[in-house]
Amino acid sequence: MLFEEINARCVYVRLEGVLAELAKRGDDPQAARELLSEGLLIAALMSSGIKFSGRLSLQVRSQGALKLLVADCTDSGGLRGTVALNEQMTVPASAAALVETIGQGGVVTLTLDPTGKGQRWQGIVPLEGSTLAEAIAAYFERSEQLPTRFRLAVGRDRAAALMIQRMPGPSEDTDGWNRLEHLLASATAQELLDLDGQELMHRLFHAEVRRVFPPRALSFYCPCSRHRVAEVLLGLGPTELADMIEQDEPVDVRCQFCNQNYRFDRLDLVALQHGESGRAGGTVH
Ligand SMILES: [Zn+2]
């Protein structure tokens, strides 16, 4: 949605099926699931409206209880994400408390990976603020000079978020941004989760002049493949590969995003060694 007089935009995203896919990853603690949902919401919001064909990736790394979080969104709305926790540390109960353990040394990396040729872009920022949303908002404010505000809500099997963002250039309506900020802050988690996007934006912004755009569908998408896993195994080097063949045990590589397992038995590994990257089949769930 565009507020042309204010020169700002508003985006709403809602995740349902994607969260069901993530739940298949197994028993991540509640705080990790919540933070991953937040990461995916933010990745989906950020990837909307940018003229770019490829994948936007949001990554958080720290020495705290959260080791790594990855949330990816493609230009066609394909989302995937993963989270890894530091096993030596106690995992707190909520996403906010998990972010608190990050402390100094936590970094957020934003990457734009274009499809095909094209320049890869990467920005690395320290994780500031007490939530992931605040850290990303601070990044936009500082690096892009685009004031940005998020409102996120993560429920049991649904998550939703709103983002307002100023667009480059002056605004005709000098008080407009303030009003949008207040309206956004007034949205409750319940409203975010229960109302559909049109209804929610109407309830919040009905007094503002606005232009509404058709929604974009989001879905779970993981581009992993047997071929890619084969390349990773090859990338380990000839000695490593020979060792695996020697051991005569099937090698299982599980995708950390979608939980798909790729099994390479001795014959597969020998084929790899001889430059045939992977036989057909052989994949088990
Ligand atoms: Zn995968």
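Since the structure is predicted, the reported quantities are computational estimates derived from the model, not experimental observations. (Residues numbered from 1 in each chain as written. Predicted model: local features only at pLDDT ≥ 70, side-chain atom pairs only at ≥ 80, totals over all residues.)

### Side note on the overall build of the protein
- Scanning the protein for helices and strands turns up 10 helices and 13 strands.
- Referenced to the eigenvectors of the C-alpha coordinate spread, the extents of the protein come out at roughly 70 × 40 × 35 Å.
- Considering only contacts within the protein whose residues lie at least 6 apart along the sequence, 65% involve residues at least 24 apart. (Helix = DSSP H or I, 4+ residues; strand = E, 2+ residues; numbered from the N terminus. Contact = placed C-beta atoms within 7 Å.)

### Structural notes on the domain arrangement of the protein
- According to the domain assignment, the protein contains domain 1 (2–220) and domain 2 (226–284).
- Between domain 1 and domain 2, the residue contacts involve five residues of the former and four residues of the latter.
- Classifying every residue of the side of domain 1 that touches domain 2 gives no nonpolar, two polar and three charged. (Domains from an automatic or database assignment. Nonpolar A, V, L, I, M, F, W, Y, C, P; charged D, E, K, R; others polar.)

### Let's talk about the packing of helix α9 (residues 238–247) against helix α10 (residues 266–273)
- Close contact between α9 and α10 brings their axes to 9 Å; oriented N to C, the two are set at 155°. Here α9 is positioned roughly antiparallel relative to α10, judged by the angle of their axes. Every pair of crossing elements has a handedness; the one defined by α9 and α10 is left-handed. Side by side, α9 and α10 meet where Leu241, Met244 and Ile245 of the first sit next to Arg266, Leu269, Val270, Leu272 and Gln273 of the second. (Axes fitted to C-alpha atoms, helices over the stretch in contact; angles between N-to-C directions. Parallel < 35°, antiparallel > 145°, perpendicular 65-115°, else oblique. Left-handed = near helix turned anticlockwise from the far one by under 90°.)

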